[in-house]
Amino acid sequence: QASKQASKQASKQASKQAIRITTLGDIGTIFGGLTGKSKDDFSNGNARYASYVNVFKNIALNIGADDFVKIAPSESQRTLRHGDIVFTGSSETPDEVAMSSVVTALVNEPIYLNSFCIGYRLNDPEILAPEFSKHLFRSDAIRSQLIRTASGVTRFNVSKARLAKVKIPIPEMVEQKRIAAILARFDSLVSDISFGLPAEIKARRQQYEHYRDKLLSFAKLEATA
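Computed from a predicted model, the values in this text were never measured in an experiment.

**Observations regarding the overall build of the protein**
Within the protein, the secondary structure is distributed over 8 helices and 12 strands. The buried share of the protein, taken over its 225 residues, is 44%. For the protein, contacts bridging at least 24 residues in sequence account for 78% of all contacts bridging at least 6. Surface summary for the protein: the accessible area is close to 12000 Å², and the carbon and sulfur share equals 50%.

**Structural notes on empty space enclosed by the protein**
Under the definition given, this model contains 1 cavity of 30 Å³ or more. Its boundaries defined by the atoms lining it, the largest cavity holds a volume of some 30 Å³. Lining the largest cavity are Phe31, Gly32, Gly33, Leu34, Gln77, Arg78, Leu80 and Leu113. Partitioning the lining of the largest cavity into residue classes produces 4 nonpolar, 3 polar and 1 charged.

**Quick look at the nonpolar core**
The biggest cluster of nonpolar side chains holds 33 residues, and the ones touching the most others in it are Phe132, Phe137, Leu163 and Ile168. The leading source of residues in this core is helix α7 (residues 173-192), at 5 residues. Residues Leu61, Leu80, Val103 and Cys117 belong to the second largest nonpolar core, which totals 10 residues.

**Details of the pattern of salt bridges**
Scanning the model with the defined rule gives 7 salt bridges in all. A salt bridge links Lys37 to Glu75, with the nearest nitrogen and oxygen atoms 2.7 Å apart. One end of the pair, Lys37, is in the loop between β2 (28-32) and β3 (47-50); the other, Glu75, is in the loop between β4 (68-69) and β5 (85-88), with 38 residues separating them in the sequence. Notably, a salt bridge pairs Arg48 with Glu109, separated by 2.9 Å at the nearest N-O pair. Residue Arg48 is found in strand β3, and its partner Glu109 is found in the loop between β7 (100-102) and β8 (111-113); the two are separated by 61 residues along the sequence.

**Side note on the sheet that holds strand β9 (residues 117-122)**
Reading across from one edge, β2-β9-β5-β7 is the order of the 4 strands in this open sheet, with antiparallel pairing throughout. At either margin of the open sheet sits one strand with a lone partner, and together these are β2 and β7. On average, each strand axis in the sheet is tilted by 25° relative to the strand beside it, whichever way the strands run. By the bridge criterion, 5 bridges tie β2 to β9 in an arrangement that is antiparallel. In the sheet register, Ile30 faces β9, and the bridge partner there is Tyr120.

**Examining the environment of Arg78**
You can see Arg78 is positioned in the loop between β4 and β5. For Arg78, a relative accessible area of 43% gives the class partly exposed. The sequence separation of Arg78 and Gly33 amounts to 45 residues, and the corresponding C-alpha distance is 7.3 Å.

Rules of the game
- Residues numbered from 1 in each chain as written.
- Predicted model: local features only at pLDDT ≥ 70, side-chain atom pairs only at ≥ 80, totals over all residues.
- Heavy atoms only, no water.
- Helix = DSSP H or I, 4+ residues; strand = E, 2+ residues; numbered from the N terminus.
- Buried < 20%, exposed > 50% of the residue type's maximum accessible area, 1.4 Å probe, protein only.
- Contact = heavy atoms within 4.5 Å.
- Areas by Shrake-Rupley, 256 points an atom, 1.4 Å probe, with all protein chains shown as cover.
- 1 Å grid on protein atoms, 1.4 Å probe; cavity = no way out; pocket = protein on both sides within 12 Å on 5 of 7 lines; lining within 4 Å.
- Points joined across faces, edges and corners; volume = space filled by probe spheres on them.
- Nonpolar A, V, L, I, M, F, W, Y, C, P; charged D, E, K, R; others polar.
- Core = buried A, V, L, I, M, F, W, Y, C linked by side-chain atoms within 4.5 Å.
- Salt bridge = Lys/Arg side-chain N within 4 Å of Asp/Glu carboxyl O.
- Pairing = 2+ DSSP bridges.
- Axes fitted to C-alpha atoms, helices over the stretch in contact; angles between N-to-C directions.

So yeah, pure geometry; function would need other evidence.
Okay, structure coming up:
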């Protein structure tokens with residue numbers, strides 16, 4: 001009951017506040033993952049990298065995953081930073097393309113991005129809270145746009161040009177943190193019963209997704225002038 005009241009309050013508050021609508025290309029930079037790597041480079045590696053599976057399965061990137069790649073001291077490869085958003089670059093089905101994961105933890109060692117994913121970095125990392133954006137980019141409102149960035153027949157590949165045109169809402173920071181806190185509570189409920197009955201787990205997951213999409217359904221996403 002308390003969570004329902006909190007979500008209603010957050011929705012009303014969001015509608016009252018000025019929400020900036022912009023495109024990804026206007027406020028950040030899209031970049032690629034590792035280049036020039038062979039299969040052998042992923043055996044006995046010396047540096048962590050974010051794998052495709054890591055990105056696909058986690059809304060918050062697991063920066064401690066045991067995935068390693070060989071990086072020479074002389075190499076110039078882009079590393080991930082706190083606040084970066086990464087997307088899977090392709091999928092066999094259009095509904096699963098451009099799945100997102102956000103670097104929500106502080107990065108204390110170099111971590112690279114696999115070549116099958118696409119990275120995105122805000123010009124000003126202070127405009128989007130990572131704990132907010134990890135939910136935002138998995139919401140129906142944004143997923144519906146991300147799906148349309150890909151084309152293909154047997155394999156669907158994301159177009160970076162189309163990705164740059166995806167529109168996102170940017171509420172005031174206090175509202176971002178409020179929404180993130182509400183969704184974190186729902187998410188923790190799912191985790192708490194992860195070893196429970198499948199039906200109960202499914203119901204909790206559906207409850208979380210319902211309130212996520214409700215809280216993140218802002219005004220029509222039209223880029224401001």
